[in-house]
Amino acid sequence: MKKISLMAASAAMALSFTGLAQAAGTLDSVKERGYVQCGVTTGLPGYSNPDDKGNWTGMDVDVCRAVAAATLGAADKVKYIPLNAKERFTALQSGEIDMLSRVTTWTLTRDGSLGVNFTGVTYYDGQGFLISKKLGVKSALELDGASVCIQAGTTTELNAADYFRENKMTFEPVVFDTSDQTVKGFESGRCDVLTSDQSQLYAMRIKLSNPSNAVVLPEIISKEPLGPLVRQGDDEWFNIVKWSLYAMINAEEMGLTSKNIDKMMTKGNPNIDRFAGKGITSGLGISGDWAYQIVKQVGNYGEAFDRNLGNGSPLKIERGLNALWNKGGLQYAPPMR
Ligand SMILES: N[C@@H](CCC(=O)N[C@@H](CS)C(=O)NCC(=O)O)C(=O)O
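These numbers come from a predicted model, not from an experiment. (Residues numbered from 1 in each chain as written. Predicted model: local features only at pLDDT ≥ 70, side-chain atom pairs only at ≥ 80, totals over all residues.)

Participant: Mind showing me how you'd approach the environment of Leu 309 here?
Facilitator: Counting through the fold element by element, Leu 309 comes out in the segment after α13 (301-308). Accessibility expressed as a C-beta count within 10 Å gives 25 for Leu 309, which makes it buried. Expressed as a C-alpha distance, the spacing of Leu 309 and Tyr 47, which sit 262 residues apart in the sequence, is 7.8 Å. Among all residues touching Leu 309, those that are not within four sequence positions of it are Gly 46, Met 59, Ser 199, Leu 315 and Ile 317. (Helix = DSSP H or I, 4+ residues; strand = E, 2+ residues; numbered from the N terminus. Buried ≥ 20, exposed ≤ 12 C-beta atoms within 10 Å, placed from the backbone. Contact = placed C-beta atoms within 7 Å.)

Participant: How do you make sense of the pairing of strand β1 (residues 36-40) when you look at a structure like this?
Facilitator: In the case of a regular strand, side chains alternate between the two sheet surfaces. Among the five residues in β1, four count as buried, and that is most of the element. The pairing of β1 with strand β4 (residues 78-82) spans five bridges and is classified as parallel. Of the residues in β4, the one forming a bridge with Gly 39 is Ile 81. Pairing of β1 with strand β5 (residues 99-100), which is carried by two bridges, proceeds in the parallel orientation. Across the sheet, residue Cys 38 finds its bridge partner in β5, namely Met 99. (Pairing = 2+ DSSP bridges.)

Participant: It is not clear to me how the site of the ligand should be interpreted in this structure. Could you clarify?
Facilitator: Within the structure, the ligand sits among 20 residues, and Thr 41, Thr 42, Thr 154, Thr 178 and Ser 179 are positioned closest to it. At the level of secondary structure, the elements contributing two or more residues to the shell around the ligand comprise α6 (155-166), α7 (179-187), β11 (193-197) and β13 (224-226). The class makeup of the residues in the shell around the ligand is four nonpolar, 14 polar and two charged. Two domains each provide a minimum of three residues to the shell around the ligand, namely domain 1 (27-82 + 233-320) and domain 2 (126-223). (Near = placed C-beta within 6 Å. Nonpolar A, V, L, I, M, F, W, Y, C, P; charged D, E, K, R; others polar. Domains from an automatic or database assignment.)

Participant: So what exactly am I meant to see when it comes to helix α8 (residues 198-205) here?
Facilitator: The α-helix winds at 3.6 residues per turn, so residues separated by three or four positions along the chain end up facing the same way. With eight of eight residues buried, α8 is to be regarded as a mostly interior element. Here α8 has its buried residues at Gln 198, Ser 199, Gln 200, Leu 201, Tyr 202, Ala 203, Met 204 and Arg 205. Turning to α8, the residues buried within the fold contact β7 (123-125), β8 (127-132), α7, β11 and β12 (214-216).

Participant: Mind showing me how you'd approach the UniProt feature "domain: Solute-binding protein family 3/N-terminal" (unreviewed entry) in the protein chain here?
Facilitator: Per the UniProt entry, the sites bearing "domain: Solute-binding protein family 3/N-terminal" (unreviewed entry) are residues 35-264 in this numbering. Across residues 35-264 one finds 34% helix and 23% strand; the C-alpha atoms that close the span lie 29 Å apart. (UniProt positions renumbered as here; feature names shortened; annotations may be inferred.)

Participant: Help me understand the pairing of β11, please; the structure alone is not making it clear to me.
Facilitator: Counted residue by residue, β11 has five buried out of five residues, so it is predominantly covered. As paired strands, β8 and β11 are joined by five bridges and run antiparallel to one another. In the sheet register, Gly 128 faces β11, and the bridge partner there is Ser 196. Strand direction decides the pairing type here: strand β9 (residues 146-151) and β11, joined by two bridges, are parallel.

Participant: I'm lost on the nonpolar core in this one. Help?
Facilitator: Nonpolar side chains in soluble globular proteins generally cluster together in the buried interior. Within the largest apolar cluster, 86 residues are counted, with the highest numbers of intra-cluster contacts made by Ala 66, Val 67, Met 99, Val 193, Met 248 and Ile 294. The element that contributes the greatest number of residues to this core is helix α9 (residues 235-254), accounting for eleven residues. Two domains each put at least three residues into this core: domain 1 (27-82 + 233-320) and domain 2 (126-223). Ignoring anything within four residues of it in the chain, the contact list for Val 67 reads Val 36, Met 99, Ile 240, Val 241 and Ser 244. (Core = buried A, V, L, I, M, F, W, Y, C linked by C-beta atoms within 7 Å.)

Participant: Got a minute to help me understand unusual backbone geometry in this structure?
Facilitator: Negative phi is the rule for most residues except glycine; trans is the rule for most peptide bonds. The backbone phi angle of Val 103 is positive, close to 30 degrees, even though this residue is not glycine. When the 29 C-beta atoms within 10 Å are taken as the criterion, Val 103 is described as buried. At Lys 168, a position not held by glycine, the phi torsion is positive, near 55 degrees.

Participant: Help me understand the environment of Val 30 in this model?
Facilitator: With respect to the helices and strands, Val 30 occurs in helix α2 (residues 26-33). Judged by C-beta crowding, with 21 C-beta atoms within 10 Å, Val 30 ranks as buried. Placed 38 residues apart in sequence, Val 30 and Ala 68 show a C-alpha to C-alpha distance of 8.9 Å. When sequence neighbours within four positions are dropped, the list of residues in contact with Val 30 reads Val 36, Thr 71, Leu 72 and Asp 98.

Below is the structure:
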């Protein structure tokens, strides 16, 4: 009995050491390879979406680009690996990708038991419902007995089950593997309702042949803080991905944009000088101008939000919770000093 548990313990230790060995040195692998391998969605407007030529754009894509600008000095040195919700964590755990930037909700069990580290929040979201106008429903509380299109392997599935149970309603899940399939299922009448993170409902709505036939219901039934994640066991890489996002948020707060950063750097402002790497050693193990490269090549958080999700995009999502902390929102980054 004792012998078996000892053997099991040493096997577990060997496994965790292998995991660690695989996890460490991501920055070196990225430099050697010459590009960042970034896990994204299979295609979701606003977050990570390829055009006809295979060029990816979106908020999550911009985080991948920021990490490439910080580590390699070139935002375009990214290989995008499309992953559906079920595949995403295995791809990170196995080393197929260096980071996952794919509308992924930070939860206790994911953080605690998958061998991953969430590095921050790119978008504070919450789960909502999209219905066809002809259903004539005004509130999610009228959805008793509805069939619900939903994506497999998501927090969405779990929250929907809780919400219907808590409100003493039943529903029939109609489950799909990708957002495209989910949208098609909804459009072809396989379900009465489509549920997902609310921002993604807006993204999926524009994929409908007639978006004005569908409305998003007012209820938000969960907290979905979406952010990038890395494998556990590589603190250097964890710090780099974390601070790449923080640099974007701090840049917005400091009024640094892709258009004005060169000019702003000539003003002798000590905060801006530090941001650009003057008189400070970040300890991140990358070039001193890493944050400058992010802003110059990718832009600040507000610029990325606007062109991908906000008024400069077809989605026209309000900043809401994603405004900076000093503008009534939750986006707050630790200081760069
Ligand atoms: N935030 C939730 C849901 C994420 C998710 O996968 N959302 C769907 C919305 S339908 C999506 O983005 N799908 C894109 C794809 O299929 O690749 C989670 O982390 O579980």
